[in-house]
Amino acid sequence: MLSALRTRVASWTRPRSSEALPILLDRRRIYILPTAFGMFFTVLIGTMLLGALNYNNNPALLLGFLLGATAQLSLHATHLALSGIRLRDARALPVHAGDAMMLELRFDASRARPRTGLVLALDDARTVFSLPDAEAMQVELMLPTLKRGWLRPKRLKISTTQPLGMARAWSYFWPELKLMVYPVLEPRAPPLPTHEGLGTRSRVRAQGEEPHHLRDYHIGDPPRQVAWKASARTGKLLVREYEARTDLDLRLDWSSLTSLPGEARISRLARWVVEADRINARYVLVLPGQKIGPSQGHAHRHACLQALALLPHG
């Protein structure tokens, strides 16, 4: 019942859908309510004023009004602590499902005023930070990842009870984010498959058929490799280095793992992609309806893992 009520109330609060960055908090989207301490303080002040009126005690009345004015000003200060905060940027590097993802958020403020004790929360993830004046601040929030594919975070809640803890002000950021979660890696996968002989070119020795580029002459290079025209233009001996056809590419093929169910295939291929990248090998990933590579490097690794992450579930 309580959970349903919270969900209903949350559906009334702003924003009701994701927003493009940057996002600015203005007074129309900040909510504020007294804390338990604030409620107790209000009852205490009310009791003090009633007693002062009953006994016609002017000093007690003055004290009660002063404390009440202080409480009122603290509500205003708590509201101002959130007003003008701006979320400039949000990003996160991809991780494998099951690992914690570090969401990096960059905040600043439109007006220079100290803002302390800011609490940022998303589900069970929570962090506390401060914005000194209008300086930019990067905040990190660790998000759990449960399954592969695109992760679209829910609304981020920012709140504070500063300066006196009598009220809690809160608001929400809902940036348009699509964060990539790679597949789970098979923990004890078999070794990489043997080379499949795709016949791609790799610069491994100076005996081949097609020139690759020119380099400085080294003692022992055969005279027939000297590029005489290029050497005459530059004033130093240059030799042609050739590339030869080699069979160093790995073929990571979906169809070769027919004995495994779908998710197990994805986990094994993901492990093989990571291992091939670790040893700096060139490889091609063959999936149903698509072929990625052959290539190597960080961009190729990301393309392969993302393709595996976006395969249909089941």
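Residues numbered from 1 in each chain as written. Predicted model: local features only at pLDDT ≥ 70, side-chain atom pairs only at ≥ 80, totals over all residues. Heavy atoms only, no water.

Novice: When you look at the sheet that holds strand β12 (residues 179-182) in this model, what are you seeing that I'm missing?
Specialist: The strands making up a sheet are joined through hydrogen bonds of the backbone, oriented either antiparallel or parallel. Judged by pairing direction, the sheet is mixed, and its three strands sit side by side in the order β4-β12-β9 without closing on themselves. Strands with a single pairing partner mark the edges of an open sheet, and in this sheet they are β4 (95-96) and β9 (149-151). Strand direction decides the pairing type here: β4 and β12, joined by two bridges, are parallel. The residue bridging V95 from the neighbouring strand is V181, located in β12. (Pairing = 2+ DSSP bridges. Helix = DSSP H or I, 4+ residues; strand = E, 2+ residues; numbered from the N terminus.)

Novice: What exactly am I supposed to notice about the nonpolar core here?
Specialist: Counting 29 residues, the largest nonpolar core has I85, F107, L120 and F173 as the members making the most contacts within it. Looking at this core, the elements with two or more residues in it are β3 (85-91), β5 (101-109), β6 (115-122), β7 (125-131), β8 (137-143), β10 (156-160), β11 (167-173) and β12. Counting residues per element, this core draws most heavily on β5, at four residues. Residues within four places of I85 in sequence aside, it is in contact with I23, L24, L25, F107, D108, A109, R115, L118, L131, I158 and F173. (Core = buried A, V, L, I, M, F, W, Y, C linked by side-chain atoms within 4.5 Å. Buried < 20%, exposed > 50% of the residue type's maximum accessible area, 1.4 Å probe, protein only. Contact = heavy atoms within 4.5 Å.)

Novice: Help me out: how do you make sense of unusual backbone geometry in this one?
Specialist: Negative phi values dominate among residues other than glycine, just as trans dominates among peptide bonds. Residue P22 follows L21 across a cis peptide bond; omega there is -5°. Turning to its location among the elements, P22 is positioned in the loop between α1 (2-12) and β1 (23-24). With an omega of 10°, the peptide bond between G293 and P294 qualifies as cis. Positionally, P294 belongs in strand β18 (residues 290-295). Backbone geometry at N56 places phi at a positive 55°, although glycine is not the residue there. Counting through the fold element by element, N56 comes out in the loop between α2 (36-54) and α3 (58-82). In this model, D123 sits at a positive phi of 55°, which is unusual for a non-glycine residue. Position of D123 among the secondary structure elements: in the loop between β6 and β7. A relative accessible area of 61% means that D123 is categorised as exposed.

No statement about biological role is implied by the geometric values presented.
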